Amino acid sequence: MGSELWWDEQMTDWQAEAGKYFFNSNKRLPITLVEGLGTVVVDDNGKQYLDFFGGPAVTSLGHSHPVVVQAIAEQASKLLYYSNAVYTVPQIQLAKLLIENSCLDRVYFCNSGTEAIEGAIKLARKFGKERKDGAYEIICADNAFHGRTLTAVTAGGTARYKEPFGPLPPGFVHVPFNDIDAIKQATSDDTLAVMLEPVQGEGGVWVADEAYMQDVRAWCDENGLLLILDEVQTGIGRCGALFAYELYGIEPDVTTLAKGLGSGVPIGAFMAKEHVNVFTPGDHGSTYGGNPLCTNVAYNVVKYALESDLPAQVARKGEYLTQRLRGLHDRHSVITDVRGKGLLQAVQFDSDIAEAVNLACLERGLIANNVRPNALRLAPPLTVSDEELDKAVEIIETVIRQL
Ligand SMILES: *Cc1c(COP(=O)(O)O)cnc(C)c1O
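Residues numbered from 1 in each chain as written. Predicted model: local features only at pLDDT ≥ 70, side-chain atom pairs only at ≥ 80, totals over all residues. Heavy atoms only, no water.

Draft legend 1. Highlighting the site of the ligand. Around the ligand, the neighbouring residues are Ser-112, Gly-113, Thr-114, Phe-145, His-146, Gly-147, Glu-197, Asp-230, Val-232, Gln-233 and Lys-259. In this structure, Asp-230 approaches the ligand through a side-chain N or O atom, which is 2.7 Å from a nitrogen atom. Here Gln-233 contributes a side-chain N or O atom positioned 2.8 Å from an oxygen atom of the ligand. Protein contact buries 83% of the 380 Å² of open area that the ligand shows by itself. Its residues assigned to classes, the shell around the ligand shows 2 nonpolar, 6 polar and 3 charged. (Near = heavy atom within 4 Å. Polar contact = N/O pair within 3.5 Å; in protein donor to acceptor, adjacent residues only side chain to side chain. Areas by Shrake-Rupley, 256 points an atom, 1.4 Å probe, with all protein chains shown as cover. Nonpolar A, V, L, I, M, F, W, Y, C, P; charged D, E, K, R; others polar.)

Draft legend 2. Geometry of the packing of aromatic side chains. One pass over the full model with this rule turns up 7 aromatic pairs. Between Tyr-81 and Tyr-288, the ring centres sit 5.9 Å apart and the planes meet at 65 degrees, which makes this aromatic pair edge-to-face. A residue pair is termed long-range when its members are at least 10 positions apart, and Tyr-81 in the loop between α3 (66-78) and α4 (89-100) and Tyr-288 in the loop between β12 (268-272) and α10 (292-307) qualify at 207 residues. Consider the rings of Phe-177 and Tyr-212, whose centres lie 5.8 Å apart with planes at 75 degrees: the pair is edge-to-face. A residue pair is termed long-range when its members are at least 10 positions apart, and Phe-177 in the loop between β6 (172-175) and α8 (180-186) and Tyr-212 in helix α9 (residues 210-223) qualify at 35 residues. The class of Tyr-212 is buried, set by a relative accessible area of 4%. Taken together, the ring pairs in this structure connect Tyr-81, Tyr-82 and Tyr-288 into an aromatic cluster. Sitting over the ring of Trp-206, Arg-339 keeps its end group 3.5 Å from the ring centre. (Phe/Tyr/Trp six-rings, centres within 6.5 Å; stacked < 30°, edge-to-face > 60°. Helix = DSSP H or I, 4+ residues; strand = E, 2+ residues; numbered from the N terminus. Buried < 20%, exposed > 50% of the residue type's maximum accessible area, 1.4 Å probe, protein only. Lys NZ or Arg CZ within 6 Å of the ring centre and 35° of its normal.)

Draft legend 3. Representation of the environment of Thr-88 in the model. Note on placement: Thr-88 falls in the loop between α3 and α4. When the C-alpha atoms of Thr-88 and Glu-363 are compared, they prove to be 46 Å apart, with 275 residues separating the residues in sequence. Look past the residues within four positions of Thr-88 in its chain and what remains in contact with it is Leu-79, Tyr-82, Gly-290 and Pro-292. (Contact = heavy atoms within 4.5 Å.)

Draft legend 4. Main features of the pattern of salt bridges. The final tally for this structure, using the stated rule, is 15 salt bridges. Where Asp-390 meets Arg-324, a salt bridge forms, and the shortest distance between an N and an O atom there is 2.6 Å. One end of the pair, Asp-390, is in helix α13 (residues 386-402); the other, Arg-324, is in helix α11 (residues 310-331), with 66 residues separating them in the sequence. When its relative accessible area of 23% is taken as the criterion, Arg-324 is described as partly exposed. Bridged by salt links that share partners, the residues Lys-126, Glu-130 and Asp-283 form one connected network. (Salt bridge = Lys/Arg side-chain N within 4 Å of Asp/Glu carboxyl O.)

Draft legend 5. Here's a closer look at the state of the cysteines. Here the structure, examined in full by the defined rule, presents 0 disulfides. Sulfur of Cys-220: no disulfide; nearest cysteine sulfur belongs to Cys-140 and is 12 Å away. Here Cys-239 stays free of any disulfide, with the sulfur of Cys-103 as its closest cysteine sulfur at 15 Å. For Cys-239, a relative accessible area of 4% translates into the label buried. (Disulfide = S-S within 2.5 Å.)

Draft legend 6. Region of the structure containing a nonpolar patch on the surface. A surface patch of nonpolar side chains, about 570 Å² in accessible area, is lined by Leu-79, Leu-80, Tyr-81, Tyr-82, Val-86 and Tyr-288. Relative to the helices and strands, Leu-79 is located in the loop between α3 and α4. (Patch = residues over 30% accessible without salt bridge, like charges linked within 9 Å, V, L, I, M, F, W, Y side chains within 5 Å.)

Draft legend 7. Fine view of α11. Helix length check: α11 (22 residues) gives 31 Å between terminal C-alpha atoms against 32 Å at 1.5 Å per residue, within 8%. Of the residues making up α11, those classed as buried are Leu-310, Pro-311, Val-314, Lys-317, Gly-318, Leu-321, Thr-322, Leu-325, Gly-327 and Leu-328. On its buried face, α11 sits against α10, β13 (335-341), β14 (344-349), β17 (375-378) and α13. (Expected span 1.5 Å × (residues − 1).)

Encoded structure:
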């Protein structure tokens, strides 16, 4: 890091430029990042930040990890692209690795979390038509987040993300999270599946209770419903196990992955058990999905995570972070709750100060995320050090003291 300027020096006020060209659809932090290494990112003024956001939760091995950089370089010079019209080696290697290390039997690779959800829903719908008397309805949770296509926002539980875009696709019902009775009451002859996040990430880091997940699994078994777990944010070690479902002692029928899978390259996947293997040629496709570049990176990310026992390290670091945050909770009454699993955590405030806290943290060199008006999310790289965890907690404490 710290190399000389590599951009056009005539154009320096990047944020003013951006305002002229983009749709105003993203709320961005007022920084322009140009470099990253490990947990640290650097802006266009050379200021360094600890990155406890990661995009969110994408850069699982941190920024520019040598494993990722090497996988990109090697594959780019070997075979950068081909589609699913042929077989390519990295895609097969990644598939084998994911299947051998999960309870799932089949996988399809795509380019994002939303696409993974879309694919999982298509797979489930076809299963419903062929194996469940045409059942099509999916029970989803309030406050859930499943992505931004029309179907994904419909499955999601945030009204603001879908209401401007109607008419919305039918077949989704919503119930409160962590409430098994609500799922039971919502179940009808049309019900095909229950779809949940083990931890609602975008919704504010709300963790599914263990008993709830086990009850949902049992209810799905009794009624022949598919359990779809959206692990786009929780998967690939983030919560202290390769898949968060492992922490609940249950197995989903279908699951989705994306964010941490490529540690920064765009890739998603949906996976299913053999009994849901209903796709036949022509049912699904993707021009870029499963391309050699991204699958080679993901293969090396997952291999590295497994070989270095990263999920277990995340469990330990997560407990350490929780303990440090609980200390803040004890010392500062503005903090009303600390919650999460592994390295996906949130600090809850007694009022809507999360944005102010986040901006003050930014000033002091920490990128966190005001995931809700009253909650700050922390999702550092899985490779974060204890010293970096300490540093981040110290910055948050300094900021809270000054409020
Ligand atoms: C981010 C996210 C998605 C959407 O992923 P994109 O890559 O942004 O399309 C879906 N589900 C969950 C749980 C997510 O956190």
